[in-house]
Amino acid sequence: STHISDDLSEILVTEAQLVAKTAELARQIEADYEGRTPLLVGVLKGAVMVMADLARELRVHVEMDWMAVSSYGAGTKSSGVVRILKDLDSDLHGRDVLIVEDIIDSGLTLSWLRENLESRGAASVEICAMLRKPDAAKVEVDVRYVGFEIPNDFVVGYGLDFAERYRNLRDVAVLATHIYE
Ligand code: PRP
Ligand code: MN
Ligand code: MG
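Being a predicted model, the structure only gives us computed values, none of them experimental.

**Re helix α1 (residues 15–32)**
With 18 residues, α1 should reach 26 Å at 1.5 Å per residue; the first-to-last C-alpha distance of 26 Å fits that figure. The complete set of buried residues in α1 reads L18, T22, L25, A26 and I29. Here the buried residues of α1 occupy an arc of 110 degrees about the axis, which is enough to place them on one side. When the buried face of α1 is taken as reference, the exposed residues oriented beyond 90 degrees from it are A16, A20, A23, Q28 and A31. As for α1, its buried residues are in contact with β1 (8–13), α2 (48–57), β6 (124–132) and β7 (145–149).

**Focus: the sheet that holds strand β9 (residues 172–175)**
Ordered by their spatial adjacency, three strands build an open sheet running β1-β9-β8, and the pairing between neighbours is antiparallel. Sheet topology places β1 and β8 (155–156) at the edges, where each strand pairs with a single neighbour. Alignment of β8 against β9, held across two bridges, turns out to be antiparallel. Counted as the bridge partner of V156 is A173 from β9.

**Some points on the nonpolar core**
Formed by 42 residues in total, the largest nonpolar core has its most connected members in V97, I99, V100 and C128. Counting residues per element, the ones that place at least two in this core are α1, β2 (39–44), α2, β5 (96–104), α3 (108–118), β6, β8 and β9. Not counting the four nearest positions on each side in its chain, V97 is found in contact with L39, V41, L92, L117, A122, S124 and V125.

**Side note on the packing of α1 against α2**
Contact geometry for α1 and α2: axes closest at 9 Å, N-to-C directions at 55 degrees. As summarised for this structure, α1 and α2 are arranged oblique, according to the angle between their axes. Viewed along their axes, α1 and α2 form a crossing whose handedness is right-handed. Within the contact between the two elements, α1 uses T22, A23, L25 and A26 and α2 uses D53, L54 and E57. Looking at the contact of α1 with α2 residue by residue, the class counts come to four nonpolar, one polar and two charged.

Criteria and cut-off values
Residues numbered from 1 in each chain as written. Chains lettered and ligands numbered in written order. Predicted model: local features only at pLDDT ≥ 70, side-chain atom pairs only at ≥ 80, totals over all residues. Helix = DSSP H or I, 4+ residues; strand = E, 2+ residues; numbered from the N terminus. Expected span 1.5 Å × (residues − 1). Buried ≥ 20, exposed ≤ 12 C-beta atoms within 10 Å, placed from the backbone. Arc of directions from axis to C-beta. Contact = placed C-beta atoms within 7 Å. Pairing = 2+ DSSP bridges. Core = buried A, V, L, I, M, F, W, Y, C linked by C-beta atoms within 7 Å. Axes fitted to C-alpha atoms, helices over the stretch in contact; angles between N-to-C directions. Parallel < 35°, antiparallel > 145°, perpendicular 65-115°, else oblique. Left-handed = near helix turned anticlockwise from the far one by under 90°. Nonpolar A, V, L, I, M, F, W, Y, C, P; charged D, E, K, R; others polar.

Have a look at this one:
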């Protein structure tokens, strides 16, 4: 079928819930970064939707930059071995960096990324992730802003893909098992 909804078993987080949570996170970020201009670092490609919505909800100055990393090598499981495919354009010296992510799964990508960005002389490095799967954690990552904690299901939408599809879904949904089994 060409209709996305036929491939889903359950809506986990609705568009309305994402909108409300984005506003809540934005108010916290505005208060925490009072008087500073954070550099929002989006991790391609999953973070595109969160970045677009969060940045537009913020009523203070921000800058945006992007990184692309590969943490999965040939396999489908996160290996912890991260390669930079596209680096930032910005110099991080003295900057207040806020990493923007769609999801924290094993935590391996973000724990590596935070250390990498800290080593470039940033004044601070914090993380904002819309979703987190606590049951999938392999390393604990200190995340300042989390939208929703979700079960360890195969989720897609709002930036999250399965084989590059489903990123354009407005909600976060569980992929039906017949799609990947
Ligand atoms: C996904 C997701 C996070 C990362 C989380 O990205 O968008 O960036 O995995 O996994 P982890 O916590 O186990 O490290 P992916 O590597 O699939 O690339 P994509 O964003 O282009 O889909
Ligand atoms: Mn990603
Ligand atoms: Mg992916």
